[in-house]
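Residue-level structural notes
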Amino acid sequence: MQRRKFISISAAGLGLSQVPGLLRLRQGSAAAASGPLDLASLPELQRAGSLLLKNTALGPVLLTSQPAPVVVKAVDPRCPHEGCLVNWKLSEKLFVCPCHGAEFKASGQLSNGPARSPLKTFKASIANGRILVSAA
């Protein structure tokens, strides 16, 4: 194969490999531009204690709530260590990674474990009994 043809084919393949990422980026910016996402009702979250929403325009979102005063938190549930989905331990007010035991405070800040960075957080608010979430 000639060098020029090899370079042309390689460049085309590299360009095509970037299309899925660019589409995700475009979808994310469209979601951000349209405002906060209405993800759940407050009573539903309070009954469950936490809600994992795997397919939102922001990616996976884990919602938690604390009673009196009502505070709703929204985090990306993927542990920054290896991507396992963390669990919310209400009694301890901690997110815990089932894969390696990393612990994160309710704010998403790293508390203990092999992870070296906090959980990604989202801005969460309550309006008319609905939980609205947007990029932080």
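Nothing here was measured: the structure is a model prediction, and the numbers come from that model.

1. Things to note about the sheet that holds strand β5 (residues 87-89)
The antiparallel open sheet is built from 4 strands, whose spatial order is β5-β6-β7-β8. Among the strands making up the open sheet, the edge pair consists of β5 and β8 (110-112). Taken over all neighbouring pairs, the strand axes of this sheet differ in orientation by 35° on average, direction set aside. Both β5 and strand β6 (residues 94-96) contribute to a ladder of 3 bridges, which runs antiparallel. Among the inter-strand pairings, lysine 89 is bridged to a residue of β6, identified as leucine 94.

2. Considerations on the packing of aromatic side chains
Applying the stated rule across the entire model yields 1 aromatic pair. When the centroid spacing of 4.7 Å and the interplanar angle of 50° are considered together, the rings of tryptophan 88 and phenylalanine 95 count as tilted.

3. Quick word on unusual backbone geometry
The backbone phi angle of lysine 93 is positive, close to 55°, even though this residue is not glycine. If you trace the backbone, lysine 93 turns up in the loop between β5 and β6. Here asparagine 128, not a glycine, exhibits a phi torsion of approximately 55°, which is positive. You can see asparagine 128 is positioned in the loop between β9 (121-127) and β10 (130-135). The exposed category is assigned to asparagine 128, whose relative accessible area is 81%.

4. Some points on the pairing of strand β2 (residues 50-56)
As judged from the 5 bridges shared by β2 and strand β3 (residues 59-66), these two strands associate in the antiparallel manner. Each bridged residue has a counterpart across the sheet, and for threonine 56 the counterpart in β3 is glycine 59. Connecting the antiparallel pair β2 and β3 is a turn made up of 2 residues.

5. A closer look at the sheet that holds β9
Within the open sheet, the 6 strands sit side by side as β1-β10-β9-β4-β3-β2. Their pairing is antiparallel. The sheet terminates laterally at β1 (37-41) and β2, the two strands that pair on one side only. Strand-to-strand twist across the sheet, computed as the mean angle between neighbouring axes with direction ignored, equals 30°. Pairing analysis gives 6 bridges linking β9 to β10, with the strands arranged antiparallel. Directly across from lysine 123, in β10, lies its bridge partner serine 134.

6. Notes on the pairing of β3
Taking burial as the measure, the 8 residues of β3 include 8 buried ones, the bulk of the element. Of the strand pairs in this sheet, β3 and strand β4 (residues 71-75) are connected by 5 bridges, and their pairing is antiparallel. Bridged to glutamine 66 within β4 is valine 71. A loop of 4 residues connects β3 with β4, the two strands running antiparallel in sequence, and alanine 68 in this loop sits at a positive phi of about 20°.

Scoring rules and cut-offs
Residues numbered from 1 in each chain as written. Predicted model: local features only at pLDDT ≥ 70, side-chain atom pairs only at ≥ 80, totals over all residues. Heavy atoms only, no water. Pairing = 2+ DSSP bridges. Helix = DSSP H or I, 4+ residues; strand = E, 2+ residues; numbered from the N terminus. Axes fitted to C-alpha atoms, helices over the stretch in contact; angles between N-to-C directions. Phe/Tyr/Trp six-rings, centres within 6.5 Å; stacked < 30°, edge-to-face > 60°. Buried < 20%, exposed > 50% of the residue type's maximum accessible area, 1.4 Å probe, protein only.

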